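Given next are the chains, with one letter for each unit.
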Amino acid sequence: MSNDIKRVLERYRDTYENITVTASESVSKSVLLNGKTVESIDIGSESGMVIRAFRDGRVVSMSADGLNAETVDNFLKNHETVINVMPKDDHIRPFKPEDVDNFIQNDGGFESLTTGRMAEMALEAVETALASDIRVKTVNQSVISAVKESTRIITPFTDDLYSEKTYYSSYTYLVASHKGEQDGTGYSDSCSLNHLEHIRAAEDASIAACALLGGKRLKTGKYGVLFAPNVTADFLSIILELVNADNVYKNISVLGDSLGKNAASEAFTLFDDPHMKGGTGSCNFDDEGLRTGITPIFTEGVLDTFMHNSYTSSALGMRNTAHARAGRGGSMGIGASNLILKASTDKMPYEFMNEYVKVTDVMGMHTADTVSGDFSVGISGLLIRNGRTVHPFREAVLSGNLKDLLKSLVGVFEDHRTFGGITASSALFDKMTVSGE
């Protein structure tokens, strides 16, 4: 089908300055257990494409299900004159994919992984969770999933670019009970089936739930705050919004005026590595077909760059960092590949502070205001004093400002974990307002 699409594009090469079709295909399978019983087995496949055509500072685009050369032909034919009435924008440029090697990250395990084996793995996770602590009463969900996906960028002017990946994940959700109930979740993902830690995901869910049993209300006050790695990952997902050049261009990022400045503490070094071995976001090229490379975002607190696609780099007069991501409707957005937070110390948190709250669960991080930087989120976790747990707490509220939070970072530790495309560690912040009773 890709050859048929390319032949269509070649017929229109004199009508448009450039045309790109980003074609994607995926096959997936998953097994869900409720307790020790298989609740569902899902096997599916899907395909789709994003078509973009450029001429004289204008672009027309669409997304469509399936891979069909006739759909491409009809779109290009119908928009030969329509494109002339589209608004002209000098920052819309007919980029052409670079000469980049194809990217293959396929461990070969997808085809040999049967749903029967996936059910066995899910059951292993259930049995691990139930055996890990007598207080774990039920495992409501144990899920093993596998995906194989491919992307091909087709243009009439260059050779196709092709990427292919496999991706596996494990998820456990359970409830522990002792003088009350507490749920807990655990997650693991990998591009290699052999490296999928489904047992660890079950253990993490058990630890998370049991640690919060008997949680008390925390007294309102100023506390040092330690984010567990999963919470740090949630925090970094908001930072990504602040360094997204599209948000900067639209003036909806509180860090829009901070480029080249000390926008965070010296303990904060953050970079994006699209060539990370085994990374779920790894690829040699972005969705505009441009060569990717390691991008320093923060170096010891200094904001080095925003993440760009071709449009924002032109609009803001900055270097294109090759972070283009195709969105619905044919729009081109921006996204990271493998975001990595670098450790700043080999010490332990209690060596910096005698007392702090360790946040193991956060609710509402996505509600942070990216314009003002203000946030107010629900938190649960542990009160720590002299390196030991005093008691768990629940239903507290952490409030502050993202710029102040970045500045107050005391240390990033070496207990790094990877959650999808974000590798994060525990991170300790100076005293912040925590509201409890």
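Described in the following lines is the structure provided in the data block. The structure presented is a predicted model; accordingly, all values stated were derived computationally and were not measured.

With that out of the way, let us pick up the overall build of the protein chain. From N to C terminus, the protein chain includes nine helices and 21 strands. Computed over its C-alpha atoms, the radius of gyration of the protein chain comes to 24 Å, within 12% of the 22 Å expected for a compact globule of 437 residues. If you line up the protein chain on its principal axes, its C-alpha atoms span 70 × 55 × 35 Å. By residue count, 51% of the 437 residues in the protein chain fall in the buried class.

To continue, consider a negative patch on the surface. Among the surface-exposed residues, Glu 98, Asp 99, Asp 101 and Asp 159 lie close enough to one another that they form a single negatively charged patch. When you line up the elements, Asp 99 lands in the loop between α2 (69–78) and β4 (103–105).

Now for unusual backbone geometry. With a phi close to 60 degrees, Ala 322 is a non-glycine residue in the positive phi region. Its place among the elements puts Ala 322 in the loop between α8 (310–316) and β12 (324–326).

For the rest of this paragraph, the subject is the pattern of salt bridges. Counted by the stated rule, this structure contains 14 salt bridges. With its nearest N and O atoms 3.6 Å apart, the salt bridge here joins Arg 152 to Asp 160. A residue is classified by how much of its surface remains accessible, and Arg 152, at 26% relative accessible area, is partly exposed. The class for Asp 160 is buried, based on a relative accessible area of 19%. A salt bridge links Lys 250 to Asp 246; the shortest N-O distance between them is 3.0 Å. Each of Lys 6, Arg 152 and Asp 160 takes part in a single network of salt bridges with overlapping partners.

The next point concerns the packing of aromatic side chains. For the structure on display, the rule yields seven aromatic pairs. When the centroid spacing of 6.0 Å and the interplanar angle of 75 degrees are considered together, the rings of Tyr 249 and Tyr 311 count as edge-to-face. Taken together, the positions of Tyr 249 in helix α7 (residues 245–249) and Tyr 311 in helix α8 put the pair 62 residues apart, joining distant regions of the chain. According to the relative accessible area criterion, Tyr 249 is partly exposed, its value standing at 35%. Their ring planes at 70 degrees and their centres at 4.9 Å tell us that Phe 268 and Phe 298 sit as a pair that is edge-to-face.

Here the focus is the side chain of Thr 321. For Thr 321, the location among the structural elements is in the loop between α8 and β12. For Thr 321, a relative accessible area of 4% puts it in the buried group. Here the side chain of Thr 321 touches His 308 through a polar contact of 2.7 Å, landing on its backbone nitrogen. Here the side chain of Thr 321 touches His 323 through a polar contact of 2.7 Å, side chain to side chain. Dropping the residues within four chain positions of it, Thr 321 is found in contact with Thr 295, Thr 305, Phe 306, Met 307 and His 308.

Every buried residue of α2 is listed here: Ala 69, Val 72, Asp 73, Phe 75 and Leu 76. For α2, the angular spread of the buried residues around the axis is 165 degrees, confining them to a single face. Those residues of α2 that are buried lie in contact with α1 (2–11), β1 (18–34), β2 (37–55) and β3 (58–65). Capping of α2 at its N-terminal end is provided by Asn 68; its side-chain oxygen lies 2.7 Å from the backbone amide nitrogen of Glu 70.

A sheet is described by the order of its strands in space; here six strands give the open sequence β11-β10-β9-β14-β20-β19, paired in mixed fashion. Two strands lie at the open edges of the sheet, namely β11 (302–303) and β19 (417–419), each paired on one side alone. Note: β19 against strand β20 (residues 422–424), three bridges, orientation antiparallel. Bridge pairing links Arg 417 to Ala 424 in β20. Of the strands in this sheet, β9 (270–272), β10 (295–299), β14 (339–341), β19 and β20 are in contact with helix α6 (residues 229–242), which crosses β20 at around 130 degrees.

What counts as what
- Residues numbered from 1 in each chain as written.
- Predicted model: local features only at pLDDT ≥ 70, side-chain atom pairs only at ≥ 80, totals over all residues.
- Heavy atoms only, no water.
- Helix = DSSP H or I, 4+ residues; strand = E, 2+ residues; numbered from the N terminus.
- Rg over C-alpha atoms; globule rule 2.2 N^0.38 Å.
- Buried < 20%, exposed > 50% of the residue type's maximum accessible area, 1.4 Å probe, protein only.
- Patch = residues over 30% accessible without salt bridge, like charges linked within 9 Å, V, L, I, M, F, W, Y side chains within 5 Å.
- Areas by Shrake-Rupley, 256 points an atom, 1.4 Å probe, with all protein chains shown as cover.
- Salt bridge = Lys/Arg side-chain N within 4 Å of Asp/Glu carboxyl O.
- Lys, Arg positive; Asp, Glu negative; His and termini not counted.
- Charge placed at Lys NZ, Arg CZ, Asp CG, Glu CD.
- Phe/Tyr/Trp six-rings, centres within 6.5 Å; stacked < 30°, edge-to-face > 60°.
- Polar contact = N/O pair within 3.5 Å; in protein donor to acceptor, adjacent residues only side chain to side chain.
- Contact = heavy atoms within 4.5 Å.
- Arc of directions from axis to C-beta.
- Pairing = 2+ DSSP bridges.
- Axes fitted to C-alpha atoms, helices over the stretch in contact; angles between N-to-C directions.

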